[in-house]
Structure formats: structure tokens, C-alpha cells
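As a plain string of letters, each chain reads:
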Amino acid sequence: MGNYRVCLCFIRRFKMSKEEPPPEVKDAFIKYTGGTSANMTAEQLRSFLVEFQGDQTASLADAQRIVEHVLQRRHHVISKLTRHTLTLDDFYYYLFSMDLNPPVSDQVHQDMRAPLSHYYIYTSHNTYLTGNQLSSDSSDVPIINALKSGVRVVELDLWPNSEQDDIDVLHGRTLTTPVEFVRCLKSIKENAFIASPYPVIITLEDHLTPDLQAKAAENIKETFGDMLFFPEAEYLQEFPSPEELKYRIIISTKPPKEYLRSKNVKGETSFSDDETDDDDGVDTVCFYLDEVYNSIGLQSESESTESDDSDYESYATGVSEYKRLIAIHAGKPKGGLKEALKVGAAKVRRLSLSEKAVKKATKSHGMDVIRFTQTNMLRIYPKGTRVNSSNYKPQTAWLHGAQMVAFNMQGHGRSLSLMRGMFRSNGGCGYVKKPDFLLTVDPHGKVFDPNANLPVKKTMKVKIYMGVGWNLDFERSHFHLYSPPDFYTRIGIAGAPADEIIKKTDIKEETWSPVWNKEFSFPLTIPELALLRIEVYSYNISDKNVFGGQNCLPVPEVKPGIHAVPLFDRKGSKYSSVKLLMRFEFS
């Protein structure tokens with residue numbers, strides 16, 4: 001029984017509702033036990049797994065393991081004892097177990113032998129920053145955290161240190177503090193393959209002098225050794241596969257020659273591949289430029305001078321090893337976006353666009369973007385005004401085949417929740433195979449048209465039965481000072497524009513264990529890229545509704561049947577006890 005003091009005068013008492021199996025759980029138990037027994041055998045459980053849950057691979061051994069786990073946890077029964085059946089409460093316990101009955105698989109199951117360009121890759125932006133884009137500390141800690149969460153693309157901005165004899169990592173032309181390049185490399189090596197065996201790509205935004213580029217090459221080779229992937233030829237004609245590149249480190253940046261040749265007629269150098277495409281925060285923070293440049297002894301862009309052929313010869317000699325390390329070449333050809341999106345037969349490459357630029361590109365050249373991403377890499381990064389490390393909706397980029405949708409991992413919010421949801425796919429390995437329709441060309445040479453009106457391809461039915469665990473993970477007064485929560489759930493689809501919708505349940509007043517028993521139907525035109533968004537709030541009539549947890553599930557990965565759905569806090573950490581019981585059906 002829960003106690004809440006009201007107006008400091010008297011105490012209201014509310015019973016903690018007993019969690020009972022929903023009627024459909026009871027019906028399923030009766031059906032698969034034949035209605036003649038109070039217990040479910042392993043054989044009957046296997047039939048339930050195959051027929052009701054749609055798990056065609058479930059074996060009798062799998063069912064027996066589930067029975068043993070449940071009996072050990074609930075009754076401390078060891079396998080030598082004679083009882084090997086489940087009661088209704090045992091069966092309900094199993095269905096509501098987040099580890100025994102999750103909604104998506106934790107195993108890699110997609111074909112990993114296709115070229116890297118055929119996959120969405122879990123990509124971070126300015127991975128070294130601990131907070132905002134203007135004044136936070138640079139550190140290897142967020143790099144470690146990103147890798148441990150499954151991120152496969154790490155971005156480092158390289159600048160000369162204050163003595164100009166070594167390399168720092170920081171967000172240039174801002175007040176962010178530096179971290180040593182070597183320290184970042186060592187942390188990448190130590191943590192690269194904890195979450196996934198598939199390759200880690202390091203994108204370098206290079207602002208180094210030739211001698212420091214040579215030093216960077218030395219640092220990279222010394223740190224990674226045989227882990228480093230060296231392309232056999234200067235340019236790859238096709239990217240290797242994630243399977244071929246297991247436990248390898250890949251370097252991606254602009255070749256040094258292109259940095260010199262990117263100088264414009266005024267003699268202004270555009271150092272980074274990002275900046276040649278759009279701003280990466282440069283315009284937003286230009287007022288810091290002189291102070292930062294003066295403090296580290298560098299020329300500003302407006303003071304840089306044009307190079308001649310002798311400069312380039314010296315430059316090329318000093319950085320030949322650095323250039324040899326680059327497996328994924330970045331850069332933007334001259335001639336504007338149309339030219340940049342041309343697909344060359346001789347080599348594959350990486351192009352970077354800001355979130356603003358990709359919106360323009362997909363509106364005017366949508367099918368060209370898709371054709372480009374069938375063999376080449378497209379990286380999207382947040383616009384420079386996102387100084388608080390917020391993010392953008394990734395759907396447009398994914399719908400056009402962009403592999404590297406770079407996100408600020410330091411913050412939180414719905415966009416980051418969508419990103420995490422996408423990369424729960426394929427066992428959370430950081431590589432998700434793109435849908436076939438983005439990888440094929442029809443007999444007439446045409447590719448998928450993302451602006452076409454498409455018919456409904458699949459309908460997803462979602463039933464949310466109930467939720468539990470808030471009383472274990474939260475203080476009694478967290479949601480309302482004087483009474484239990486009034487929970488409701490927002491549930492919807494993020495994906496193709498025609499598929500996006502949000503619905504919500506009724507409000508269940510004054511209960512820690514809300515029972516909704518509400519079903520929703522979602523018709524989907526592109527189910528391959530749909531994400532199921534789930535958010536729980538406690539209603540507050542006089543103030544802002546109080547957040548109670550969220551999750552985002554990749555629709556193609558969701559298992560049919562009844563499953564336990566864990567909820568996470570705003571920053572993406574899973575609650576210990578809070579979970580929903582839900583059923584998923586597809587037609």
C-alpha cells in the first residue's frame with residue numbers, strides 16, 4: 001500500500017495494484033496446455049513459440065532452457081529436480097522478462113559480405129566533445145562511450161598544438177579544450193571491438209602542416225599496427241565488406257594533395273572536407289577565430305597565402321605515408337552538387353554534406369543521390385547552429401541511402417532515440433544492411449524514386465497491454481507529489497513521410513501499474529525504414545507532463561507475438577525495472 005501526504009493535513013492511501021496476466025496471456029496458456037492442465041510442458045511451450053510467437057527456429061531444447069531459467073529464478077529449482085513445467089504465473093513471468101523474451105534479436109543475422117556502401121553505419125560527429133560545440137572539453141571518454149554503445153565511425157578534428165610540434169584533437173576556431181591525438185588513438189584501439197567485431201572507421205578533419213601529417217601517420221601506424229587496413233591500390237574500385245574488415249581500423253579523410261588544390265582565387269584555404277560542402281559550425285563561431293588562431297600560433301584563413309609547385313613537391317614528400325593510410329577518400333569535385341554526385345567507374349569515394357545541404361540535394365537530385373550511394377559513401381553532419389549538440393531527423397538521409405548519418409552523441413532527444421533505435425537492428429553490431437530497393441537498378445537504368453506515391457506494403461498492429469516497474473525505479477513523489485502517476489503512452493511511426501503518425505492511449509489515473517489494453521494499427525509504405533516510437537508520460541493537469549520512459553524499435557526487426565519491451569531514460573540508459581508488455585502482428 002502506498003502513502004501520500006496531501007496538504008500536510010491527512011494521508012491518502014492507494015493500493016498497489018497486483019499485476020495479473022492480461023486475458024490474452026491467459027487464453028494462450030489455456031490453448032497451448034490443452035485446457036486440461038494447470039502446467040505447461042516444454043513441448044507445449046515450443047508449440048507456443050512456433051505458432052503464436054512466429055519463431056520458426058524454436059527447438060525443444062530452446063523451450064527447455066526457458067523453462068529451466070524461469071524455474072530457477074522464480075522457485076530456485078535446479079535442473080535435477082523433477083518439476084519441468086510452467087504454471088500460468090511462470091508463463092506470464094517469462095513473457096514479461098526483458099532478457100528471456102525481448103522484442104528484437106541481439107544476434108547478427110544480416111548478410112555481412114556486401115560492400116561497405118550497402119550498409120547504414122552507426123556514425124558519430126565530433127566524437128571527442130563532452131558537451132556543447134563551442135566551449136566544452138575534448139576528451140577520449142566520449143569516444144570510449146560511443147564505441148561501447150556500438151558506434152562504428154569516430155570523428156577526430158586534428159590541429160597543431162600550441163607549440164606546433166604535436167597534434168591535438170579539438171573543435172577548431174572555438175573555445176573547446178584539446179585532448180592529445182595519441183590518447184584518442186589508444187582509447188580507440190582499446191575499445192574498438194568491445195561492442196562489435198565489425199570495422200571502426202576514423203574520419204579525420206585535418207588542419208595539419210605537412211610535417212605533422214607525417215607525424216599523424218606515424219602515430220596511427222604505431223598505435224594500430226596490423227589492425228590498420230591498408231588498401232592495395234591508391235583508390236578502391238569497390239569497398240570491401242564488413243566481414244572482410246572484421247577487427248580492422250579504417251582511415252577516411254581528404255588526400256593531402258586535395259587540401260592544397262582546394263585553395264580559391266583569394267588564397268583562402270578550406271581545410272576540411274566538411275567546410276567545402278557547407279558550414280560545420282564555422283560561420284556560427286567565426287567571432288572566436290582570431291583569438292583561437294592567435295593563441296595557437298596559426299594563420300587565419302584570410303591570411304593564408306597561395307602555394308606554388310615547389311610547395312606541393314615538399315608537401316607531397318612529407319606526407320606520402322599519411323596519404324597511403326587513407327582507405328576511404330573524401331572530397332568534393334569541382335562543379336557543384338550535380339558534378340559531386342557523378343558516379344565514377346574507376347574509384348569509390350566519400351562525400352560529406354550538411355543536414356541543410358542534403359535537404360536541398362534530395363529535393364533537386366534525389367535519384368542521383370541514391371545512385372551515388374549505391375557504390376559510394378555519403379556522410380551527413382549536423383548544421384553549425386546546433387551548438388548545444390542537438391541532432392536532426394535522420395529519415396531523409398536514410399531514405400536516400402546515406403550510410404554515415406553523423407550524430408552528436410553527447411546529448412539526448414527524440415532524434416538520438418531514433419538513431420539508437422535504427423542501430424538496435426542486426427544485433428546492435430553498428431552495420432545495418434540497406435533495403436534492396438536502394439541498391440538495385442531496373443532494366444531501364446532507373447533507381448528507386450523516394451518521391452513516388454507508394455501503396456501500403458505491410459500493416460503493423462501493436463497492442464500495449466500494461467506497464468510495470470516505475471515504483472521500483474522512481475521515488476514515490478517523482479511524478480506527482482501527493483498521488484500515484486497518471487500514465488499514458490504515445491506510440492507512433494517514424495520513417496517515410498507517408499508513414500509517420502503518432503497515437504496515444506487513454507490516461508490511467510493514480511496507478512503505478514497501468515493497464516491500457518489498447519491496440520493500434522499502422523499501415524506502412526516503406527516498412528524497411530520504419531521505426532516504432534514509444535514514449536510514456538504521467539499526465540499533469542497544471543504543469544508539464546512528466547516523462548516516464550521511451551524506446552524506439554526498428555520495425556523490420558520486431559518479432560511477432562507478445563514481448564517485454566524495456567524503457568530507457570532520455571539519455572538512452574535502460575531502466576532497471578520499467579517495462580511494457582506488448583503484442584506485435586504483421587499483415
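- With an unreviewed UniProt entry as reference, the chain is termed Phosphoinositide phospholipase C, source organism Cucurbita moschata.
- Quoted verbatim from the Cofactor (unreviewed entry) heading of the UniProt record, the comment on the chain is "Ca(2+)".

### Examining the overall build of the chain
And then number 1: A tally of regular secondary structure across the chain gives 17 helices and 21 strands.
And then number 2: Buried positions account for 55% of the 587 residues belonging to the chain.
And then number 3: Taking as baseline every contact in the chain between residues at least 6 positions apart, the subset at least 24 positions apart corresponds to 72%.
And then number 4: Accessible area of the chain: about 25,900 Å², with a carbon and sulfur share of 49%.

### Focus: the pattern of salt bridges
And then number 1: The tally for this structure, following the rule as stated, stands at 23 salt bridges.
And then number 2: For E234, the salt bridge goes to K323, with nearest N and O atoms at 3.2 Å. You can see E234 sitting in the loop between α7 (210-224) and β8 (249-253) and its partner K323 sitting in helix α12 (residues 320-324), a full 89 residues away along the chain.
And then number 3: Note on E234: relative accessible area 45%, which makes it partly exposed.
And then number 4: Close ionic contact of E535 with R533 constitutes a salt bridge, the shortest N to O distance being 3.4 Å. An identical accessibility class is assigned to E535 and R533; each is buried.
And then number 5: When salt bridges with common partners are traced through the structure, they connect E24, K463, R583 and E585 into a single cluster.

### Observations regarding the side chain of H563
And then number 1: In this fold, H563 is placed in strand β20 (residues 561-568).
And then number 2: Looking at H563, its side chain comes within polar contact range of the side chain of N101, at 2.8 Å.

### Here's the deal with a nonpolar patch on the surface
And then number 1: A cluster of nonpolar residues, I507, Y539 and I541, forms a patch on the protein surface that exposes about 300 Å² of accessible area.
And then number 2: Of note, I541 is situated in the loop between β18 (531-538) and β19 (546-554).
And then number 3: We classify I541 as exposed; its relative accessible area is 73%.

### Concerning the packing of helix α2 (residues 42-51) against helix α4 (residues 88-95)
And then number 1: As a packed pair, α2 and α4 sit with axes 13 Å apart at the nearest point and diverge in direction by 40°. Comparing the axis directions of α2 and α4 gives the class oblique. As α2 runs across α4, the sense of the crossing is right-handed. Residue-level inspection shows L45, F48 and L49 of α2 in contact with α4, the latter providing F91, Y94 and L95.
And then number 2: Looking at side-chain class alone, the contact of α2 with α4 contains six nonpolar, no polar and no charged residues.

### Here we look at the sheet that holds strand β7 (residues 200-206)
And then number 1: The six strands lie next to each other as β6-β5-β4-β7-β8-β9, forming an open sheet whose pairing is mixed. In this open sheet, the two strands that pair with only one neighbour each are β6 (179-180) and β9 (326-329).
And then number 2: Where β7 lies against β8, four bridges are found, and the strand directions are parallel. By the bridge assignment for β8, T203 is matched with S252.
And then number 3: Of the strands in this sheet, β4 (153-160), β5 (167-169), β7 and β8 are in contact with α7, which crosses β5 at around 75°.

### Examining the packing of aromatic side chains
And then number 1: For the structure shown, the criterion picks out 20 aromatic pairs.
And then number 2: Positioned over the ring face of F522 is K503, at 5.1 Å from the centre of the ring.

Cut-offs applied
- Residues numbered from 1 in each chain as written.
- Predicted model: local features only at pLDDT ≥ 70, side-chain atom pairs only at ≥ 80, totals over all residues.
- Heavy atoms only, no water.
- UniProt positions renumbered as here; feature names shortened; annotations may be inferred.
- Helix = DSSP H or I, 4+ residues; strand = E, 2+ residues; numbered from the N terminus.
- Buried < 20%, exposed > 50% of the residue type's maximum accessible area, 1.4 Å probe, protein only.
- Contact = heavy atoms within 4.5 Å.
- Areas by Shrake-Rupley, 256 points an atom, 1.4 Å probe, with all protein chains shown as cover.
- Salt bridge = Lys/Arg side-chain N within 4 Å of Asp/Glu carboxyl O.
- Polar contact = N/O pair within 3.5 Å; in protein donor to acceptor, adjacent residues only side chain to side chain.
- Patch = residues over 30% accessible without salt bridge, like charges linked within 9 Å, V, L, I, M, F, W, Y side chains within 5 Å.
- Axes fitted to C-alpha atoms, helices over the stretch in contact; angles between N-to-C directions.
- Parallel < 35°, antiparallel > 145°, perpendicular 65-115°, else oblique.
- Left-handed = near helix turned anticlockwise from the far one by under 90°.
- Nonpolar A, V, L, I, M, F, W, Y, C, P; charged D, E, K, R; others polar.
- Pairing = 2+ DSSP bridges.
- Phe/Tyr/Trp six-rings, centres within 6.5 Å; stacked < 30°, edge-to-face > 60°.
- Lys NZ or Arg CZ within 6 Å of the ring centre and 35° of its normal.

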